[in-house]
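Examining the three-dimensional arrangement
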Amino acid sequence: MHSERNWLSDSFLRKLHTVDVKALFDVGHRIRFATGVSLTTQGEATPSVRVVLSGAVKVFRLAQPESTPMLVNLGGPGELLGVEAVLLRKQSHTGHVASIPTECLVINQSTFRNFVDDRPPVKDVLLAIMAKQLTLREVALAFATHNVRRRLLAFLARLQFVYGKDSLRGTELDLGLSHGDLAAAVGASEASVATVLAELKQEQVLSTGYKKIYVKQDLRKLLRKPEAPNTPARPPAQV
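This write-up is about the structure you can find in this document. The structure displayed is predicted, hence computed values, not measured ones.

Regarding its fold elements, the protein presents 9 helices and 12 strands. Principal axes of the C-alpha set define a box for the protein whose edges measure 80 × 40 × 30 Å. Expressed as a percentage of its 239 residues, the buried residues of the protein come to 44%. Looking at the protein as shown, the accessible area adds up to about 13,400 Å², and 55% of this sits on carbon and sulfur atoms.

With that out of the way, let us pick up the packing of helix α6 (residues 148-163) against helix α7 (residues 179-186). Packing of α6 against α7 leaves a shortest axis separation of 9 Å and a crossing angle of 105 degrees. Accordingly, the angle class assigned to the pair α6 and α7 is roughly perpendicular. Residues R151, L152, F155 and L156 of α6 pack against L182, A185 and V186 of α7. Here the residues of the contact of α6 with α7 are counted per class, giving 6 nonpolar, no polar and 1 charged.

Conventions we followed
- Throughout this document, residue positions are counted from 1 along each chain, in the order its sequence is written.
- Reporting in this predicted model follows two pLDDT cut-offs: at least 70 for local features of residues, and 80 or more for side-chain atom pairs to be given and counted; totals over whole chains, interfaces and linings ignore these cut-offs and use all residues.
- The side-chain numbers reported here are obtained from all heavy atoms of the structure, hydrogens and water having been left aside.
- Only DSSP runs of H or I covering at least 4 residues are called helices, and only runs of E covering at least 2 are called strands; the numbering of each starts at the N terminus.
- Only protein chains enter the accessibility calculation, which uses a 1.4 Å probe; a residue whose area is less than 20% of its type maximum is buried, one above 50% is exposed, and one in between is partly exposed.
- Only the protein chains shown count as cover for residues, with accessible areas throughout obtained via the Shrake-Rupley method and a probe of 1.4 Å.
- Angular values range over 0 to 180 degrees, each being the angle between N-to-C directions of two axes fitted as lines to C-alpha atoms, with helices fitted over their stretch in contact.
- Put simply, angles under 35 degrees are roughly parallel, angles over 145 are roughly antiparallel, angles from 65 to 115 are roughly perpendicular, and the rest are oblique.
- Every residue pair with non-hydrogen atoms within 4.5 Å of one another is taken to be in contact.
- Think of it as three bins: nonpolar holds Ala, Val, Leu, Ile, Met, Phe, Trp, Tyr, Cys and Pro, charged holds Asp, Glu, Lys and Arg, and polar takes everything else, Gly as well.

If you want it as structure tokens, here you go:
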């Protein structure tokens with residue numbers, strides 16, 4: 001059993017034909033990763049392709065060896081990790097860490113390239129998936145000049161749309177993300193993120209549990225509202 005019901009609706013595995021899914025599982029092997037375990041390190045010479053079967057994977061990128069890692073993406077059930085490095089025959093440009101207990105289908109570089117080359121429908125799906133990921137990253141970059149609140153709302157809106165699950169407390173985001181991870185995703189300090197989260201809780205936009213977020217409103221609609229202008233500085237008192 002491949003647990004298709006857990007695969008995200010717009011993921012790589014979900015888009016493949018059943019015969020191609022079976023063939024992919026035949027050439028790969030399953031590996032389980034505990035929370036916090038590294039799947040791939042940035043700069044790894046010959047990274048394998050990993051297809052997330054369950055759990056969630058954080059994708060990090062270091063701009064410089066001494067810089068703070070940036071959380072650039074997440075991988076959920078059915079999604080593909082590391083394919084860019086394999087197709088370009090380059091070293092891995094990102095690092096992958098299990099955010100919660102995760103199982104992946106791991107496929108050797110050359111095996112995956114041959115698999116895609118031999119199956120034109122798979123190549124079409126792969127191109128469509130990569131084009132969508134590029135679009136989502138460009139949408140995220142468009143918020144880079146906004147304040148921390150807007151950047152965080154944009155990031156959470158994407159998570160709500162892609163990974164959210166209905167629950168009694170709202171849309172559940174059970175992705176194992178800490179305040180530090182959220183800060184790394186939006187390029188802000190943990191203190192700034194904590195402040196915004198406290199504001200959003202007070203406004204009944206969301207609530208939180210241990211590394212879980214429950215979203216109570218449609219964040220995409222919230223983002224369509226104009227951004228509040230910065231409060232002008234109060235003029236000095238006249239004496």
